Number of protein chains: 2
Amino acid sequence: MKTRILVVDDQTVVREGLVLLLELLPGIDVAGACGDGEQAVAMVAELRPDVVLMDLRMPRMDGVEATRRIKEAHPDVGIVVLTTYADDDSIFAALRAGARGYLTKDAGADEIARAVDAVRDGASQLDPAVQRRLVEAVAAGGRPRRAGLPDGLTRREAEVLALIARGRSNTEIAGDLFISEATVKTHINNLFAKANLRDRAQAVTYAYEHGLVG
Amino acid sequence: MKTRILVVDDQTVVREGLVLLLELLPGIDVAGACGDGEQAVAMVAELRPDVVLMDLRMPRMDGVEATRRIKEAHPDVGIVVLTTYADDDSIFAALRAGARGYLTKDAGADEIARAVDAVRDGASQLDPAVQRRLVEAVAAGGRPRRAGLPDGLTRREAEVLALIARGRSNTEIAGDLFISEATVKTHINNLFAKANLRDRAQAVTYAYEHGLVG
DNA sequence: CGAGGCGTCCACCCGCAGGTGGAGGGGCAG
DNA sequence: CTGCCCCTCCACCTGCGGGTGGACGCCTCG
């Protein structure tokens, strides 16, 4: 069973080029093509393709809105965004709207094919640069590291705290910082007093909540 | 200039197989290989590879922690996780720790090569299923709320862990859960063993990294 | 039925974490 | 110069946290 695709792009050359390109690929069958979001929504309802290859910048209704409406009415239809731009706004808007793939127009036919296959199988295939953005969003997502030291902690105390949050023992911290264990204890006692902490477990929580680690 | 790679996997067969496999690839040069996280950290400092191919489940120090330390000391070294498991916990923990690629062991040589290239060039290459998870996390808007418990923790153990992460002492936890302190200790000892933790400070870190709190 | 996992509990031991009270040197500002 | 803060270090004590090796009832599953 070939994968049935709907191509949506307002630029005629691009659209027709894509159609030709896609029909050369084994396992892919171009069910239709159109040039704006409104038509796309209508044609999905009519043709019921497996996957929609969607441009973002289009007249009358943009790709994000079209994606949203299509996913609303037909959640089982996979949508792969294929666009020139890969800025964060476009990426996140499209993914939030329900797109499962995101490629730039630098992509080759094989990449498009991979993306279509992945999306049809319920997976995802994104442009490597887009993957990077996502990874970064996830990595940063959660706790943006704040700059200043909370509660008047000294630099050294914060340093010790960070090591505590890394699960290091006092002896290990002493080794890490080339100071004696006694000094480590002093710093710890001081920072406990300043931050109103009882033990290192609370200290770790404190470190995470204040973005000193994470 | 060939891309220099460090292979990290505790299973000898897998590790040596990977080395052979990778050396067949043009453009890749295997700089070294080792079997646990501690060695990995040391070898990165010594060999300065371009990319580390990292397993997650390993003795002595797991891949997430090793990734974190490597990225801390050498932010320019790219890390690609190659593991059997693709659960949300592992994925997000690894990415948060600084991994830029994530593949499962179903990946073929070509996929590994693509991932290595992408990461060396500052991009990302993830397993399609992993991409899907990320897309869904983004689409869901918020951060991933994990359902399953990591490392085979029982519900009760996770409950105790959550209280530890909130800075509660054993006596307090006993009070919170209406059980004896002895029971609390038992749960703690069990979860320490399962998650390979040494003390409650490490437990708090673990809880945060696995999204049990935060 | 028996095996095994889970949750509950106990006694005992030990070490490191945490608290107290000091002391000395270097840097920076008033 | 003279505080004052930061970092460094010491001795001592206490107790909670963590490890060991059990025990028992309950449930599920083969």
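Residues numbered from 1 in each chain as written. Chains lettered and ligands numbered in written order. Predicted model: local features only at pLDDT ≥ 70, side-chain atom pairs only at ≥ 80, totals over all residues. Heavy atoms only, no water.

As annotated in an unreviewed UniProt entry, chain A carries the name Response regulator transcription factor and is attributed to Actinomadura monticuli.

(A) Broad picture of the interface of chain B and chain A. Facing 41 residues of chain B, the contacting portion of chain A comprises 37 residues. Both sides together, the interface formed by chain B and chain A hides about 3,500 Å², and carbon and sulfur atoms give 52% of it. A salt bridge links glutamate 172 of chain B to arginine 198 of chain A, with the nearest nitrogen and oxygen atoms 3.0 Å apart. Counting the contacts that link chain B with chain A gives 8 residue pairs in polar contact (both at pLDDT 80 or more). Among the elements of the structure, α3 (63-73), α4 (88-97), β6 (125-126), α6 (128-139), α7 (155-165) and α10 (200-209) of chain B are those that each provide at least two residues to the side of chain B that touches chain A. Per element, the largest residue contribution to the side of chain B that touches chain A is 9 residues, and it comes from α6 of chain B. When its residues are assigned to classes, the side of chain B that touches chain A shows 16 nonpolar, 10 polar and 15 charged. (Contact = heavy atoms within 4.5 Å. Buried area = accessible area lost by both parts, 1.4 Å probe. Salt bridge = Lys/Arg side-chain N within 4 Å of Asp/Glu carboxyl O. Polar contact = N/O pair within 3.5 Å; in protein donor to acceptor, adjacent residues only side chain to side chain. Helix = DSSP H or I, 4+ residues; strand = E, 2+ residues; numbered from the N terminus. Nonpolar A, V, L, I, M, F, W, Y, C, P; charged D, E, K, R; others polar.)

(B) View of the pattern of salt bridges. Applying the stated criterion across every chain, the model contains 20 salt bridges over all chains. One salt bridge connects aspartate 121 of chain A with arginine 120 of chain A, and the closest N-O pair in it is separated by 3.0 Å. Of the residues examined, aspartate 121 of chain A reaches a relative accessible area of 55% and is grouped as exposed. When its relative accessible area of 36% is taken as the criterion, arginine 120 of chain A is described as partly exposed. When the shortest N-O distance is used, the salt bridge between glutamate 65 of chain B and arginine 69 of chain B registers 2.8 Å. One end of the pair is glutamate 65 of chain B and the other is arginine 69 of chain B, both in helix α3 and 4 residues apart, which spans about a single turn. Classification of arginine 69 of chain B as partly exposed rests on a relative accessible area of 24%. One connected set of salt bridges, linked through shared partners, spans Arg168, Glu172 and Asp176 of chain A together with Arg198 of chain B. (Buried < 20%, exposed > 50% of the residue type's maximum accessible area, 1.4 Å probe, protein only.)

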